[in-house]
Each structure stands twice: as C-alpha cells, then as structure tokens.
Amino acid sequence: MQQDPRRRQTGQPTANRRTAPQRTVQSPPTRQPSAPPQSSRQPKQPQQNAYRSASPYTVAPRPGTQRVPYPPTEQRRRQMLRRKQRRKRMLLLAIVCILCLLLLAGLVTAAVSAIRQALAGRDDTLSDSGIPAVSDNAADTTAAPIPAETEPPLPEYKAPNRIDASAIKPIFRNDTAVLTDTISCPHAILMNAQTGAVIAGKNAEDVIYPASMTKLMTVLVAYEMIPDLDATFRMTQDIIDPLYIDGLSLAGFAGGEEVVIRDLLYGSALPSGAEASYALAIAACGSEEAFVQKMNDRAELLGMYMTEFRNCTGAHHPDHVSTLYDIGILIAFMMQNEELAEILGTYQHTTTPTPQHPEGLVLTSTVFSRMEGSESGTCTVLGGKTGYTVQGGQCLATYAESRTTGEGFVCVTAGGDTKWRPVYDSIYLYQFYTASLLPTTPPPSIAPTE
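Worth saying up front: this structure is predicted, and the values here are computed from it rather than measured.

The rules we used
- Residues numbered from 1 in each chain as written.
- Predicted model: local features only at pLDDT ≥ 70, side-chain atom pairs only at ≥ 80, totals over all residues.
- Heavy atoms only, no water.
- Helix = DSSP H or I, 4+ residues; strand = E, 2+ residues; numbered from the N terminus.
- Buried < 20%, exposed > 50% of the residue type's maximum accessible area, 1.4 Å probe, protein only.
- Contact = heavy atoms within 4.5 Å.
- Areas by Shrake-Rupley, 256 points an atom, 1.4 Å probe, with all protein chains shown as cover.
- Lys, Arg positive; Asp, Glu negative; His and termini not counted.
- Salt bridge = Lys/Arg side-chain N within 4 Å of Asp/Glu carboxyl O.
- Polar contact = N/O pair within 3.5 Å; in protein donor to acceptor, adjacent residues only side chain to side chain.
- Patch = residues over 30% accessible without salt bridge, like charges linked within 9 Å, V, L, I, M, F, W, Y side chains within 5 Å.
- pLDDT = per-residue confidence, 0-100.
- Phe/Tyr/Trp six-rings, centres within 6.5 Å; stacked < 30°, edge-to-face > 60°.
- Charge placed at Lys NZ, Arg CZ, Asp CG, Glu CD.
- Core = buried A, V, L, I, M, F, W, Y, C linked by side-chain atoms within 4.5 Å.
- Axes fitted to C-alpha atoms, helices over the stretch in contact; angles between N-to-C directions.
- Parallel < 35°, antiparallel > 145°, perpendicular 65-115°, else oblique.
- Pairing = 2+ DSSP bridges.
- Expected span 1.5 Å × (residues − 1).

A. Examining the overall build of the chain more closely. A tally of helices and strands in the chain yields 10 helices and 12 strands. By residue count, 37% of the 450 residues in the chain fall in the buried class. Contacts in the chain between residues far apart in sequence, at least 24 positions, make up 62% of those at least 6 positions apart. A total accessible area of about 28100 Å² is found for the chain, and carbon and sulfur atoms account for 55% of it.

If you want it as structure tokens, here you go:
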C-alpha cells in the first residue's frame, strides 16, 4: 500500500521499510536588530506647544528629570485662583487711581481758592492803604492812574411800597427762658417779632457764621435798590463757574439766559442760589464789593450792630459774622413787606420761560421742603431761610404767627449737625414757648452781663 507522501513521517523507521537518509532541518537564524544607518542629518525633534512650554501650571523639572504637568483638575483650580488674584489686583489699582484723582482735584480746588483769596486780600490791602495797584507786566512802565478819593454815592431807590428804615431792638426780659438740653442746636433764639423781646434762648449772644441766611440781606438790598423788578439781567458763565468751583448751591440758571430780576429774588431766597445772589449784586451796584458795602450800611440802620458782611452769598469768611438776634431782626423786618413776605413764604416758583428753559425753571424753597409750617400746633410758619457751611453748620430762620392771637414770632437756630435739627428745634420752640404756653415759673435770665 502506497503511503501518502503528504503525510508527515513520525516515529522510528521499521525494519521492512527502506531507511531514507536523515535530513537535517535547520531553524532559520535569529535576526538581530541592526543599528540604524548613521546619517549626517539630525533627527527632527517633536515640536512643543509654545503655550504649554510657557504655561505656569507645570512643575519645573529637576536636573535629570522630565517636566510633569499637573492633573487637569489641579490646573483648573490654579487657573481660577490666578484669575481671582488678577481681578483683585486690578480692582485695587482702580481704587488707588480714583483716590489719587480725587486728591488731585481737591488740591487743585484748594490751590485755586487760596490764590483767589490771596488776590482778594492783596486788592483789599492796596485799596485800604490808598496805593494804586501795580500791573503784573514788567514791561509796562506807565504809572497807573490815581483813583478818585471819593466815588459818587449810588442812588437810593424808594418806591411807595418799600420798607422804612426802622430797627427792632432785642429785649432780654426777666422771664426769658434759658434753653439747655431740650434744644439740640448749640445756638437758638425765639423772639417777639413786634417788640423784639427775647422769649427763649440758648447761647443767643454768641457770634455765628450766618451762612446762606446772608441772602436775606441780599434780597432786601436788591429789592430796595433795583427800581424795576420786571427788568432782565443777562446771566453769564463767568458768574456761575467760580461759584460752582467753590461748591456753593446754585438755583440752576444757565449762562447767556436773560433772567427777570423778580426771578432772581426768588432764586436767591427759595433754593438759595448763589448765582442769583451774585447777579442781584451786579444788577444793583455793578460789583459785589459795592453791594456788600450797601448790605453793611443797611445792617447798621436796622440795628444789627454785631453783623459784618464780606460777600453776598454767605460763603465762609472769618470776618463774615452775625448773631441770632441780628438775623431775627432782619427777617422780622422783611416780613413787614407784602412782596418780600410772599417771596419768603412761597413753596415753589416757576420762572419766566426763556430759550434755555422753555417751560420755566422750577424753584423750590429749602424751608417748606422740610416742613409744612403747621407742625407746632400753636403757630403757622409764613416764611424763612436756611443756611449751611461746614464752619457754621445747619441754620434756619423762620417767621411764624400765632393761630389764636395773630402775634408774630421769630425763631433762629444755628450750628445743627443735620438739616433736620434746626427744624425740630424750631417746632419745639413754637410749640412750648409761644402764646399761653409760656412757663408759669420764670427760668433764670440769659440777659447779657455787663
């Protein structure tokens, strides 16, 4: 039987089978890896990501070690932390910049005010000594003209409805009440508007800074000296800008606006507009200095012997002073006139329309925006004026009439730390020290000692 040659021969050969020569099968030699062929070209290095190589979120490699990146969660956490720190630094830098700008603005404002005061003091000194002012231009060698020794007096305008010059003398009675802790303001006085008798007082003899209560005298003098209250005055930006830089209150008139004199009176009395007061001074006398002299003359005629005005707006000046009973005399004197009483007793007034204010400018009283006038229950406030400076504090002067007898009273408070303190003190004085509510036992007198 013939064997299939494809069958693999295994086992030992048998005897009857022809022995075939042994065939040695060699296994193929193991191939050893050969060295790569040397080449003159350097192998191309893998290009690294520039952001990743410069990323701060990888560990700096030690000598002989590889750079190992942080885990993804740690990278995100550190990234958020860096962003928060960056925001904090930017916010701190913005705050520092804002503070520096505010400080610079304050220094510039203080420097401008100091220069203006120095120039004003120089002019006053030269005028008081009689020496003519010398030009600042060194090339100008011409002599300045010698001013006239006396200037012609300004005309005193008197209309039939104007106020007569008669003073009300303050009278300290034996039953004048001494106010202590019941009044929060350091200065207060309650007077009878007809007789000038002082009903109650607290430091009533002290000299105070009248602040914007000065505008009472500004309105009075302008009302007496300007014959036509329906005439117009052209407001300029040169008037508004210095007052705005000094931080004084403004009524809201615009530069180039033709304003009626009557509206200027309301603008000075109701919202305490400094530009309206300054415009009244220019319209009446041509300059603030001449107008202030008229204010001091009028104060002397009224018997306000402890009052000295240095400006028409009430801006702080060390020599711009008054007393409580001097201000009381002034407002009682003004309330005798119907037109002035109407101005001081108005809550809101709309000015004549102009191109700058087609619907008119609404002027609101600082007095009646803080009180209605009937809170005391015994008197009704008919008019008044507020004031404020840092040195003088919050001030308030009001005129009221008794509901039962019609008797007039004047209350003046000064030095309040908030705008509501003078209001509450005035209501208290009207409520408990007028008419039949006077104390039955007279308290110690506050009459000035010799």
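That was the structure; now back to the text.
B. Spotlight on the side chain of Glu275. Counting through the fold element by element, Glu275 comes out in helix α6 (residues 274-285). No salt bridge is formed by the buried Glu275, whose closest oppositely charged neighbour, Lys215, lies at an N-O distance of 8.3 Å. Only 2.8 Å separates the side chain of Glu275 from the backbone nitrogen of Gly252, close enough to count as a polar contact. Looking at Glu275, its side chain comes within polar contact range of the main-chain nitrogen of Phe253, at 3.2 Å. The residues touching Glu275, leaving out its near neighbours within four places in the chain, are Met235, Ile239, Ile240, Leu243, Ser249, Leu250, Ala251, Gly252 and Phe253.

C. Focus on a nonpolar patch on the surface. The grouping of Leu91, Ile95, Ile98, Leu99 and Leu102 at the surface amounts to a nonpolar patch, some 510 Å² of accessible area in total. Within the element layout of this structure, Leu102 appears in helix α2 (residues 72-129). When its relative accessible area of 57% is taken as the criterion, Leu102 is described as exposed.

D. Structural context of the confidence of the model for the chain. Averaged over every residue, the pLDDT of the chain is 76; the share at 70 or more is 68%. Below a pLDDT of 50 lies the segment residues 49-55, which in the model reaches six contacts outside its immediate sequence neighbourhood of four places, other chains included. Scored below 50 in pLDDT, residues 122-169 makes 56 contacts in the model with residues more than four places away or belonging to other chains.

E. Geometry of the packing of aromatic side chains. Taken as a whole and judged by the stated rule, the model has two aromatic pairs. Ring centres 4.9 Å apart and planes at 45° place the aromatic pair Tyr428 and Phe432 in the tilted group. One end of the pair is Tyr428 and the other is Phe432, both in helix α10 (residues 421-432) and four residues apart, which spans about a single turn. The exposure class assigned to Tyr428 is partly exposed, which follows from its relative accessible area of 24%.

F. Just helix α3 (residues 215-225), in detail. Counting buried residues along α3, 11 of its 11 residues qualify, which places the element largely inside the surrounding structure. Within the span of α3, buried status applies to Lys215, Leu216, Met217, Thr218, Val219, Leu220, Val221, Ala222, Tyr223, Glu224 and Met225. For α3, the elements touching its buried residues are α5 (261-269), α6, α7 (288-301), α8 (324-334), α9 (338-344) and β10 (379-389).

G. Expanded view of a positive patch on the surface. On the surface, a cluster of positive charge is made up of Arg82, Arg83, Lys84, Arg86, Arg87, Lys88 and Arg89. With respect to the element layout, Arg87 can be found in helix α2.

H. Representation of the nonpolar core. If you look at the biggest cluster of nonpolar residues, it comprises 68 residues, and the most contacted ones within it are Met217, Phe253, Leu264 and Phe291. Examining the composition of this core, we find that nine residues originate from one element, α8, more than from any other. If we skip the residues at most four places from it in the chain, Leu264 touches Phe233, Met235, Phe253, Val259, Ala276, Ala279 and Leu280. Ala177, Leu179, Phe368 and Met371 belong to the second largest nonpolar core, which has 22 residues in total.

I. Examining the packing of α3 against α7 more closely. Contact geometry for α3 and α7: axes closest at 10 Å, N-to-C directions at 100°. Between α3 and α7, the crossing angle belongs to the class labelled roughly perpendicular. Two secondary-structure elements touch here, α3 through Met217, Thr218, Leu220, Val221, Ala222, Glu224 and Met225 and α7 through Phe291, Lys294, Met295, Arg298 and Ala299.

J. Spotlight on the pairing of strand β12 (residues 408-416). β12 sits mainly inside the fold: eight of its nine residues count as buried. Sheet analysis places strand β2 (residues 187-192) next to β12, joined by six bridges and oriented antiparallel. Counted as the bridge partner of Ile189 is Val412 from β12. As paired strands, strand β11 (residues 393-402) and β12 are joined by seven bridges and run antiparallel to one another.

K. View of α10. In this model α10 runs 17 Å from its N-terminal to its C-terminal C-alpha over 12 residues, within 8% of the 16 Å that 1.5 Å per residue would give. Turning to α10, its buried residues number three or more, namely Pro422, Val423, Asp425, Ser426, Ile427, Leu429 and Tyr430.

L. Highlighting the pairing of β10. Burial within β10 is extensive, with eight of its 11 residues counted as buried. Across 10 bridges, the pairing between β10 and β11 is antiparallel. Paired with Gly384 across the two strands is Thr398, which belongs to β11. The antiparallel hairpin formed by β10 and β11 contains three residues in its connecting segment.

M. Examining unusual backbone geometry more closely. Although it is not a glycine, Ala211 sits at a positive phi angle of roughly 55°. Relative to the elements of secondary structure, Ala211 occurs in the loop between β4 (207-208) and α3. For Ala211, a relative accessible area of 2% puts it in the buried group. You will see that Ser272, though not glycine, has its phi angle at about 60°, which is positive. As for its placement among the helices and strands, Ser272 is situated in the loop between α5 and α6. The class of Ser272 is buried, set by a relative accessible area of 4%.

N. Inspection of the side chain of Asn192 at higher detail. Tracing the chain through its elements places Asn192 in strand β2. When its relative accessible area of 7% is taken as the criterion, Asn192 is described as buried. Setting aside residues up to four positions removed in sequence, Asn192 forms contacts with Ala197, Ile199, Glu407, Gly408 and Phe409.

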